Amino acid sequence: MNVLLIFLKEPVPGNVKTRLAASVGDEEAAKRYRSMVAVLLEQLEGLNNTHVRFCYAPDDADDAIKFWILPQLRGHTINQGNNFLFTPEKHAQPFTIDFAHQGVGDLGQRLERATTQAFDDGYAKVAVIGTDCIHCGSRWINAAFLQTSADRCVLGPSDDGGYYLLSTARKSTSLFKNIPWSSTDTLRMTEQAAVASKLTVVRLPPLVDIDDEADWEEVLNSAIGGKLRAAHKREN
């Protein structure tokens, strides 16, 4: 069984999409963030043999995150105790969901902790994504898992020098150490760390992260723009 870790924040104005907020304001940026997550959740339909874990911040937002995320899922959700079973309405494969707080530390420390815990929980392959790249749906996540092996990791490059997805089949803490996060060198340094750990790096196609107003407009004008526009309309 594979596991997809989705790193996200409680959508509180002033705490999310701060670069976007510089041009559109805190309230509008939070609405756009919620819109992006709604589209990303829709894009998850079609996952194969994959458990989904929402890794949230802040750590005390468990109930708030569940109250926000679960009603957004298009289909039927059953509480199974520690997990939720989600069956999409479009005849896609059901998958299970759980929630975990990110904990303290910088992004590298939180990624290392979450991936290590996933392997300790018995998952064979672990992928991690954020919420900035709404194009990263089940197509690319399934493809990443297919290419991932003990000696091969997968990275999905974003156009800002970072990455929208990382997938690995072994504990590789070096992938998250001494990385300049949110910089133009994030992807390059992560690839160097992978090679130093004797991992072959496979790249997915580059996709757009939504960080600022220009990115927002670019995605609105892309093939997925209609979904984003509709989700944003629901927030107003």
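My aim in this report is to walk through the structure given alongside it, one point at a time. Please read these numbers as outputs of a predicted model, since none were measured by experiment.

This paragraph deals with the sheet that holds strand 5 (residues 95–101). Taking strand neighbours across the sheet as the criterion, the nine strands line up as 3-4-5-2-1-6-8-7-9 in an open arrangement whose pairing is mixed. Sheet topology places strand 3 (75–79) and strand 9 (200–203) at the edges, where each strand pairs with a single neighbour. Taking each pair of neighbouring strands and ignoring which way they run, the sheet shows an average axis angle of 25°. The sheet contact formed by strand 1 (residues 2–9) and strand 2 (residues 50–57) spans eight bridges and is parallel. Within the sheet, the bridge partner assigned to Leu 5 lies in strand 2 and is Arg 53. Those strands touched by helix 6 (residues 186–196) are strand 7 (152–157), strand 8 (163–168) and strand 9, and its axis lies near 175° from that of strand 7.

Leu 4, Phe 54, Ile 69, Ile 97, Phe 99, Ile 141 and Leu 165 are the most contacted members of the largest nonpolar core, which totals 38 residues. Here the element with the most residues in this core is helix 2 (residues 26–43); it accounts for five residues. Excluding residues within four positions of it along the chain, Phe 54 makes contact with Ile 6, Leu 8, Leu 41, Ile 69, Ile 97, Asp 98, Phe 99 and Ala 100. Core analysis: the next-biggest nonpolar cluster, separate from the first, contains 22 residues, Tyr 163, Leu 166, Ile 179 and Ala 194 among them.

Moving on: the environment of His 76. Positionally, His 76 belongs in strand 3. C-alpha of His 76 to C-alpha of Pro 94: the two residues are 18 residues apart in sequence and 9.4 Å apart in space. Residues in contact with His 76, not counting those within four places in the same chain, are Leu 85, Phe 86 and Thr 87.

Evaluated as defined, the whole model comprises 16 salt bridges. Lys 17 is the partner of Asp 132 in a salt bridge, and the nearest nitrogen-oxygen pair spans 2.7 Å. Here Lys 17 lies in the loop between strand 1 and helix 1 (18–24) and Asp 132 lies in the loop between strand 6 (125–129) and helix 5 (138–147), a separation of 115 residues in the sequence. Residue classification places Asp 132 among the partly exposed positions, given a relative accessible area of 24%. The partner of Glu 42 in a salt bridge is Lys 227, with the nearest N and O atoms 3.5 Å apart. Taken as a pair, Glu 42 in helix 2 and Lys 227 in helix 8 (residues 225–234) lie far apart in primary sequence, 185 residues in all.

How each quantity is defined
- Residues numbered from 1 in each chain as written.
- Predicted model: local features only at pLDDT ≥ 70, side-chain atom pairs only at ≥ 80, totals over all residues.
- Heavy atoms only, no water.
- Pairing = 2+ DSSP bridges.
- Helix = DSSP H or I, 4+ residues; strand = E, 2+ residues; numbered from the N terminus.
- Axes fitted to C-alpha atoms, helices over the stretch in contact; angles between N-to-C directions.
- Contact = heavy atoms within 4.5 Å.
- Core = buried A, V, L, I, M, F, W, Y, C linked by side-chain atoms within 4.5 Å.
- Buried < 20%, exposed > 50% of the residue type's maximum accessible area, 1.4 Å probe, protein only.
- Salt bridge = Lys/Arg side-chain N within 4 Å of Asp/Glu carboxyl O.

The quantities given are spatial measurements derived from coordinates; they are silent on function.
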